[in-house]
Amino acid sequence: MSFAQRLELEAELKLTLLRCALVCGAFCDPALGALWWRLDNLVPLLRLLSCFVSTKIKRKGPSRSGDHPEDDTLYLFKGELSPEDWARFHECARRVRVLDHPKLASVTPHIVSQLSKWNGGAPLLPGLKELTWLPASASDISALSLGTDSLEALLIVLDCVALPDELAWIPRREKMELKTLQLVTSVHPLCLAPVTRFTHLTTLHLRDTPVDAQFTRELAVNLKVAESLVVNLLLIPQEPNAPLVGFRHLLTLEVTGLVADLTRLFMMLNPLHELRALTLIFPNGIPELTETYRRPLEVLRERGHAPALAYSTLDISTRWNTRETVAQLFQPLLSVPTLEHVALCAGRSGYQVTEGDLEWMARAWPKLRELALMWNARAGGTTPSVRALAHFAQHCPDLRSLILSHIDTNAALPPEPYQVRPHGLLHLFTSDSYLVKNPIAIGKYVSTLFPKILVAVPDPQPSGWDQVLYMADAWRAARAKRAKQLQAERAAKGT
């Protein structure tokens, strides 16, 4: 579904809710609750006030198209606020639970501050649970007038760099039991100090601001119920590897950092016995040997961090070519049979991927449900043949999605006849577009391995692998038709 189609569907849904609210009194309250549950901005709510008016201004400079100045809308208060309007505003404001991207160039912090004064300083949205906030500046605290002690999720998107003494964008409500906090931007690391005050946090995402071992240690001590953590790690080489106690209930961990820093982190952490999902992101830099990238995973296994690991993602953005194989990279994880979802995002790295690699993975991860191996197959390295897919059909009965950068379709197929397996794989894709010489034969083989496989979304320029999927679907339909004919023949003989 496209973005335009999604917007059209949301508009139709809101219109339906409005009509339900007008049908009868019994429908009115639940329909209005659903209608006002989520807002993309404050304008629909502010339009309930007759003194909230708009005016057209011309933005300075060329428009985005570069041809003409672009008209813009500026909102302001004009006239008196009537008690009827204010009552209607309160009736709808109390229903809002989620507010996304409340900053608009036309709705300034001054408008929110004025509303707060009219409301006697009480929260404007008393039932708000989730807030996405784009402060206009480091000193913009207008969102504090919206949120309440019931706020559970806060996403702050900063387009400015705040100094430690200007940290006004972190809410200072002592009673606020925030459960989720995400900061999107790079700020001074000292600005993150107040984050440790929210001891009820279960989800903390700090993807853009590098943090050191000392701050990570403070997080571990204070956030005793943390379940999901995303950090950008930058350790000081001279800092000692002191134990990092905490994060005993951590389920999801995503860390961006150098190989040496990730290795040190897992050496300092206490065993993460409940860890279920791990994502390691290696930033673009000097290419490392596979054994170097593998070192954090080895420490992870040696320290006992992954007894229940089910999700694992490795993201390597460095451009380089190597004669080493993907199985060598994942070698420490081949002894973790609990893995269900595995992904390698190395689209710029020319790894070797052999049939033996896929066989080792299939045997090592019998509970596998999703596997995505993305590498630079155009670098000229070894790629797995179609025959290698049989290992997943044999050893991974729960596999539902398999994505590979490239599958070698020129290698010889096994001799016929093929045995149809009762496997439930639904998605089998390749990211590269290439020509397949014999899609009919390959489609027949694939359809016997994975009889439930789905055809790809129609593409104006289908790739060779898309043709294989079409042929697999045709062979499946032919077998189903033949089965019905045989059933009819047996029924006729029986009568």
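These figures come from a predicted structure and were not determined experimentally.

1. Overview of the pattern of salt bridges
So, point 1. For the coordinates displayed, the defined rule picks out 14 salt bridges.
So, point 2. In this structure, the salt-bridge partner of Arg-94 is Asp-29, at a minimum N-O distance of 3.9 Å. Remark: Asp-29 occurs in helix 2 (residues 25-35) and Arg-94 occurs in the loop between helix 4 (83-93) and strand 4 (98-99); sequence separation between them is 65 residues.
So, point 3. The exposure class of Arg-94 is partly exposed, given its relative accessible area of 37%.
So, point 4. On the accessibility criterion, Asp-29 (43% relative accessible area) is partly exposed.
So, point 5. In this structure, Asp-29 and Arg-95 form a salt bridge, with 3.0 Å as the shortest nitrogen-oxygen distance. Here Arg-95 lies in the loop between helix 4 and strand 4 and Asp-29 lies in helix 2, a separation of 66 residues in the sequence.

2. Considerations on the packing of helix 12 (residues 439-449) against helix 13 (residues 464-494)
To characterise two packed helices, one gives the angle between the axes of the helices and the distance between these axes.
So, point 1. Relative orientation of the contacting elements helix 12 and helix 13 amounts to 60 degrees, with a least axis distance of 7 Å. Here helix 12 is positioned oblique relative to helix 13, judged by the angle of their axes. The handedness of the crossing between helix 12 and helix 13 comes out as right-handed. Across the interface between the two elements, Pro-439, Ile-440, Ile-442, Gly-443, Lys-444, Val-446, Ser-447 and Thr-448 from helix 12 touch Trp-465, Gln-467, Val-468, Met-471, Ala-472, Trp-475 and Arg-479 from helix 13.
So, point 2. Taken together, the residues of the contact of helix 12 with helix 13 sort by class into nine nonpolar, four polar and two charged.

3. Describing the confidence of the model for the chain
So, point 1. Confidence in the prediction for the chain averages 83 pLDDT; 85% of positions are at 70 or higher.
So, point 2. In this model residues 63-71 is a low-confidence stretch, pLDDT under 50, and it forms 12 contacts with partners more than four residues away in sequence or in other chains.
So, point 3. For residues 163-169, every residue scores under 50 in pLDDT, and the model assigns this stretch 20 contacts once sequence neighbours within four places are set aside.

4. Digging into helix 12
So, point 1. Judged by how many residues are buried, helix 12 sits mostly within the fold: eight of 11 residues are covered.
So, point 2. Looking at helix 12, one finds that the buried residues are Pro-439, Ile-442, Gly-443, Tyr-445, Val-446, Ser-447, Thr-448 and Leu-449.
So, point 3. Residues of helix 12 that are buried make contact with helix 11 (389-395), strand 18 (427-430) and helix 13.

5. Some details on the side chain of Ser-385
So, point 1. Following the sequence through the fold, Ser-385 ends up in the loop between strand 16 (370-375) and helix 11.
So, point 2. For Ser-385, the contacting residues outside a window of four places in its chain are Glu-355, Ile-407, Asp-408 and Ala-411.

6. A word on the pairing of strand 10 (residues 252-256)
In summary, the side chains of a regular strand alternate between the two faces of the sheet.
So, point 1. The buried fraction of strand 10 amounts to four of the five residues, a majority that puts the element mostly inside the structure.
So, point 2. The pairing of strand 10 with strand 11 (residues 277-282) spans five bridges and is classified as parallel. When the bridges of strand 11 are listed, Thr-256 appears paired with Ile-281.

7. Points about the side chain of Arg-264
So, point 1. With respect to the element layout, Arg-264 can be found in helix 7 (residues 259-268).
So, point 2. Despite its burial, Arg-264 pairs with no opposite charge, the nearest such side chain being Asp-261 at 4.6 Å.
So, point 3. Beyond its immediate stretch of four places on either side in the chain, Arg-264 contacts Leu-235, Ile-236, Pro-237, Glu-239, Pro-240 and Asn-241.

8. Here's the deal with a nonpolar patch on the surface
So, point 1. The grouping of Leu-15, Leu-18 and Leu-22 at the surface amounts to a nonpolar patch, some 290 Å² of accessible area in total.
So, point 2. For Leu-18, the location among the structural elements is in helix 1 (residues 3-23).

9. Regarding the pairing of strand 12 (residues 311-316)
So, point 1. The side-chain alternation of strand 12 yields one buried face, formed by Ser-312, Leu-314 and Ile-316, and one unburied face, formed by Tyr-311, Thr-313 and Asp-315.
So, point 2. Relative to strand 12, strand 11 runs parallel, the two sharing six bridges. Among the inter-strand pairings, Ala-277 is bridged to a residue of strand 12, identified as Tyr-311.
So, point 3. When strand 12 meets strand 14 (residues 341-346), the two strands line up parallel, connected through five bridges. In the sheet register, Thr-313 faces strand 14, and the bridge partner there is Ala-343.

10. Observations regarding helix 7
So, point 1. Within helix 7, eight of the 10 residues are buried, leaving the element largely enclosed by the surrounding structure.
So, point 2. Within helix 7 the residues assigned to the buried category are Val-259, Asp-261, Leu-262, Thr-263, Arg-264, Leu-265, Phe-266 and Met-268.

11. Observations concerning unusual backbone geometry
So, point 1. The linkage connecting Glu-416 with the following residue, Pro-417, adopts the cis geometry, with an omega of 5 degrees.
So, point 2. Locating Pro-417 in the fold gives a position in the loop between strand 17 (401-404) and strand 18.
So, point 3. Its identity as a non-glycine residue notwithstanding, Phe-247 has a phi of 55 degrees, on the positive side.
So, point 4. By relative accessible area, which is 4% here, Phe-247 ends up buried.

12. As for the environment of Arg-19
So, point 1. The topology assignment puts Arg-19 in helix 1.
So, point 2. Measuring from C-alpha to C-alpha, the distance between Arg-19 and Leu-32 comes to 10.0 Å, with 13 residues separating the pair along the chain.

13. A look at the packing of aromatic side chains
So, point 1. Evaluation of the coordinates by the stated rule reveals seven aromatic pairs.
So, point 2. Here the aromatic rings of Phe-77 and Trp-118 are separated by 4.9 Å at their centres, their planes lie at 55 degrees, and the arrangement is tilted. Of this pair, Phe-77 sits in strand 3 (residues 71-77) while Trp-118 sits in helix 5 (residues 109-118), placing them 41 residues apart in sequence.
So, point 3. On the basis of an interplanar angle of 90 degrees and a centroid distance of 6.3 Å, the ring pair of Trp-86 and Trp-118 is categorised as edge-to-face. On the criterion of sequence distance, the pair formed by Trp-86 in helix 4 and Trp-118 in helix 5 is long-range, its members being 32 residues apart.
So, point 4. Connected via pairs of aromatic rings, a cluster forms that spans Phe-52, Phe-77, Trp-86, Phe-89 and Trp-118.
So, point 5. The residue whose ring lies beneath Arg-197 is Phe-198, and the NZ or CZ to ring-centre distance is 5.2 Å.

Criteria and thresholds
Residues numbered from 1 in each chain as written. Predicted model: local features only at pLDDT ≥ 70, side-chain atom pairs only at ≥ 80, totals over all residues. Heavy atoms only, no water. Salt bridge = Lys/Arg side-chain N within 4 Å of Asp/Glu carboxyl O. Helix = DSSP H or I, 4+ residues; strand = E, 2+ residues; numbered from the N terminus. Buried < 20%, exposed > 50% of the residue type's maximum accessible area, 1.4 Å probe, protein only. Axes fitted to C-alpha atoms, helices over the stretch in contact; angles between N-to-C directions. Parallel < 35°, antiparallel > 145°, perpendicular 65-115°, else oblique. Left-handed = near helix turned anticlockwise from the far one by under 90°. Contact = heavy atoms within 4.5 Å. Nonpolar A, V, L, I, M, F, W, Y, C, P; charged D, E, K, R; others polar. pLDDT = per-residue confidence, 0-100. Pairing = 2+ DSSP bridges. Lys, Arg positive; Asp, Glu negative; His and termini not counted. Patch = residues over 30% accessible without salt bridge, like charges linked within 9 Å, V, L, I, M, F, W, Y side chains within 5 Å. Areas by Shrake-Rupley, 256 points an atom, 1.4 Å probe, with all protein chains shown as cover. Phe/Tyr/Trp six-rings, centres within 6.5 Å; stacked < 30°, edge-to-face > 60°. Lys NZ or Arg CZ within 6 Å of the ring centre and 35° of its normal.

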